[in-house]
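Summary of structural features
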Amino acid sequence: MEELDFLKVNWAEAFFSQYDLPGWAMTSITLGIDILVLILVSLIADFLSRRILLTFVKRIVQRTKATWDDHFYEQKVFKNLAHLVPALIVKIGLPVIFNDYEKIIPYLNKAVSAYIIILFAIILNKVFKSLIRFANSMEKWKNHPVRTILQVFQILNFFLMVVLLISLFFGASVGSILGALAGTTAILILIFQDSINGLLANFQISMYDLLKEGDWITFDKFGVDGDVISIDLTTVKVRNFDNTISSVPAKAFVNDSFVNWRGMKEMNVRRIKRNILIDIDSIRYLEADKLESFSKVQLISDYVVKRQKEIDEFNKNKKKDTSLTINGRQQTNIGVFRQYVLNYLENHPMVANNQTMMARQLQPTPNGVPLEVYCFSKTTVWTEYEKLQSDIFDHLYAAAPYFGLRLFQAPSGRDIRFLHAGERSLPTNGSEKGE
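Just so it is clear, the model here is predicted, and its values are computed rather than measured.

1. Quick look at the overall build of the protein
Within the protein one finds 19 helices and 8 strands. Looking at the protein residue by residue over its 435 residues, the buried ones come to 32%. At a minimum sequence separation of 6, the contacts of the protein that also span at least 24 residues come to 64%. In the form shown here, the protein has an accessible surface area of approximately 27,800 Å², with 60% of it arising from carbon and sulfur atoms.

2. Observations regarding the packing of aromatic side chains
One pass over the structure, following the stated rule, counts 17 aromatic pairs. Measuring from centroid to centroid gives 5.9 Å for phenylalanine 128 and phenylalanine 153, while their planes differ by 20°, and the two rings are stacked. Here phenylalanine 128 is found in helix α7 (residues 105-137), whereas its partner phenylalanine 153 is found in helix α8 (residues 146-170), with 25 residues between them in sequence. Of the aromatic side chains, those joined through ring pairs into one cluster are Phe294, Phe337, Tyr340, Tyr344, Tyr402 and Phe403. The ring of tryptophan 261 has arginine 270 lying over it, and the distance from NZ or CZ to the ring centre is 5.6 Å.

3. Let's talk about the pairing of strand β8 (residues 369-377)
Of all 9 residues that make up β8, 9 are buried, and the element is covered over most of its length. Burial along β8 is two-sided: Val369, Leu371, Val373, Cys375 and Ser377 and Pro370, Glu372, Tyr374 and Phe376, pointing in opposite directions, are all buried. Pairing geometry for strand β6 (residues 270-278) and β8, over 9 bridges, is antiparallel. Across the sheet, the residue bridging to arginine 271 is phenylalanine 376, located in β8. When strand β7 (residues 358-361) meets β8, the two strands line up antiparallel, connected through 4 bridges. Bridge pairing in β8 links methionine 358 to tyrosine 374.

4. With respect to unusual backbone geometry
In the Ramachandran plot, asparagine 243 falls in the positive-phi region, its phi being about 70° despite a non-glycine side chain. Secondary-structure assignment places asparagine 243 in the loop between β3 (235-240) and β4 (245-249). Classification of asparagine 243 as exposed rests on a relative accessible area of 60%. In the Ramachandran plot, asparagine 268 falls in the positive-phi region, its phi being about 60° despite a non-glycine side chain. Looking at asparagine 268, the relative accessible area reads 44%, which means it is partly exposed.

5. What about the nonpolar core?
Ile300, Phe337, Val341, Leu345, Ile392 and Phe403 are the most contacted members of the largest nonpolar core, which has 31 residues in total. Put simply, the parts of the chain that give this core at least two residues each are β6, α14 (288-294), α16 (333-346), β8 and α17 (382-399). With 7 residues, the single largest contributor to this core is α16. When near neighbours in sequence (up to four residues on either side) are disregarded, isoleucine 300 contacts Phe294, Val336, Gln339, Tyr340, Asn343 and Phe403.

6. Focus: the sheet that holds β7
If you trace the 3 strands from one edge of the open sheet to the other, you get β6-β8-β7, paired in antiparallel fashion. Since the sheet does not close on itself, it has two edges, and those belong to β6 and β7, each with one partner. The sheet shows a mean angle of 20° between the axes of neighbouring strands, taken without regard to direction. Along the sheet, α17 contacts β6 and β8; its crossing angle with β6, the most-contacted strand, is approximately 25°.

7. Things to note about the pattern of salt bridges
Counted according to the given criterion, the structure contains 6 salt bridges. Note that arginine 262 is salt-bridged to aspartate 215, the shortest N-O span being 2.9 Å. Note that arginine 262 is positioned in helix α13 (residues 262-267) and aspartate 215 in the loop between α11 (193-207) and β1 (216-219), a separation of 47 residues in sequence. Here arginine 262 falls in the buried class, since its relative accessible area comes to 12%. Where aspartate 256 meets lysine 221, a salt bridge forms, and the shortest distance between an N and an O atom there is 3.0 Å. Of this pair, aspartate 256 sits in the loop between α12 (252-255) and β5 (259-260) while lysine 221 sits in the loop between β1 and β2 (224-231), and the two are 35 residues apart along the sequence.

8. Quick notes on the confidence of the model for the protein
When pLDDT is averaged across the protein, the result is 80; 83% of the residues are at 70 or more. Across residues 1-9, confidence stays below pLDDT 50; counting only partners more than four residues off in sequence or on other chains, it has 4 contacts. This model gives residues 428-435 a pLDDT under 50, and the stretch forms 1 contact once residues within four places in sequence are excluded.

9. Some words on a nonpolar patch on the surface
A contiguous nonpolar surface patch, about 490 Å² in accessible area, is contributed by Leu40, Ile44, Phe47, Leu48 and Ile52. Looking at where phenylalanine 47 falls in the secondary structure, it is placed in helix α3 (residues 23-63). Look at phenylalanine 47 and you get partly exposed, because its relative accessible area is 40%.

10. Things to note about the sheet that holds β5
If you trace the 5 strands from one edge of the open sheet to the other, you get β4-β3-β2-β1-β5, paired in antiparallel fashion. Looking at the sheet topology across the chains shown, the edges are occupied by β4 and β5.

Rules used throughout
Residues numbered from 1 in each chain as written. Predicted model: local features only at pLDDT ≥ 70, side-chain atom pairs only at ≥ 80, totals over all residues. Heavy atoms only, no water. Helix = DSSP H or I, 4+ residues; strand = E, 2+ residues; numbered from the N terminus. Buried < 20%, exposed > 50% of the residue type's maximum accessible area, 1.4 Å probe, protein only. Contact = heavy atoms within 4.5 Å. Areas by Shrake-Rupley, 256 points an atom, 1.4 Å probe, with all protein chains shown as cover. Phe/Tyr/Trp six-rings, centres within 6.5 Å; stacked < 30°, edge-to-face > 60°. Lys NZ or Arg CZ within 6 Å of the ring centre and 35° of its normal. Pairing = 2+ DSSP bridges. Core = buried A, V, L, I, M, F, W, Y, C linked by side-chain atoms within 4.5 Å. Axes fitted to C-alpha atoms, helices over the stretch in contact; angles between N-to-C directions. Salt bridge = Lys/Arg side-chain N within 4 Å of Asp/Glu carboxyl O. pLDDT = per-residue confidence, 0-100. Patch = residues over 30% accessible without salt bridge, like charges linked within 9 Å, V, L, I, M, F, W, Y side chains within 5 Å.

This is the structure:
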């Protein structure tokens, strides 16, 4: 019994009682020393736990071949776990150290419990962050909504922390708090509607494989043209080619239309679709001398000869009077040029022959007849693609006049000034002189 009575006596109070200090001074000194001892013990425990645990964990992480523990270590999950040791020591030591101050023990106990709840929430949040990084590093998980699901768990973790803190400080059970929150479901849905819509959109994006990190997308509605760098709960971030970053709502990729160029990269070809405008007045039947000159052009020599034989045989069998070129069938300069363009594309080393390839006329316009080039390049690299496209049309622009074709170009101020100068230099007739 004497030993138990001795344990109930505060050691600091027993030590200072020999100095005949006033009661209030004795109480203050004793309480202050108890608090200092508790802080000192918790700091030592925190230091030792971090040293021992982190050293042990670091050695294991370095030795294992798994990568998930590396992400856990980088996110300081184990370091925060070490902080639980002093918190638990303080919680256990409160009744022992403050046995003479039973009234303040419940308040201190609540404070320590709140710290432990918050620390647990922080640890779980870091665990989810580590899992997100781990999932992003694994190729097989990149096309699954793992990140979205873990972000939902992060939100639920925060929500649970708030509920536990309310339960702790107000003395209400967790079940009653959740029951009360059930009545405010509509308000919560209104508050978190973007997160809910984003979550559903993420599932649809993943389910239908609409989007992946690294995809080149074009979204005219939002002025986006670049590579996807992240797909978050509510937004998709895109690094545009001018190095700006755009954030687009995830639900927009489900509700609106956008272009994903992933198929182009997977096929490793990119479409070239551009036309040149031919002046209609420059389109002519080909005379014999022109046919002779075209038969010397290597890309179309066989075509011109073979085609002319077919036409001559047709006109002969149908007894066409070819003294007028409009009678019967004749080759035209635009027809021969169209075949030249097609043969040029077929022989180009950077044009994919296994893809659709055309040189076709489109509906005439006030600016002339569009002659469209439709083919695919063997490269998807932007700079190489643009160079190839420019080289092809450089050649076609220069080759068109050889076929007697004029390319349409709207008159400029320089053309009008030259025309006006030419009219002034024209000789006048007699009637004009009389006037």
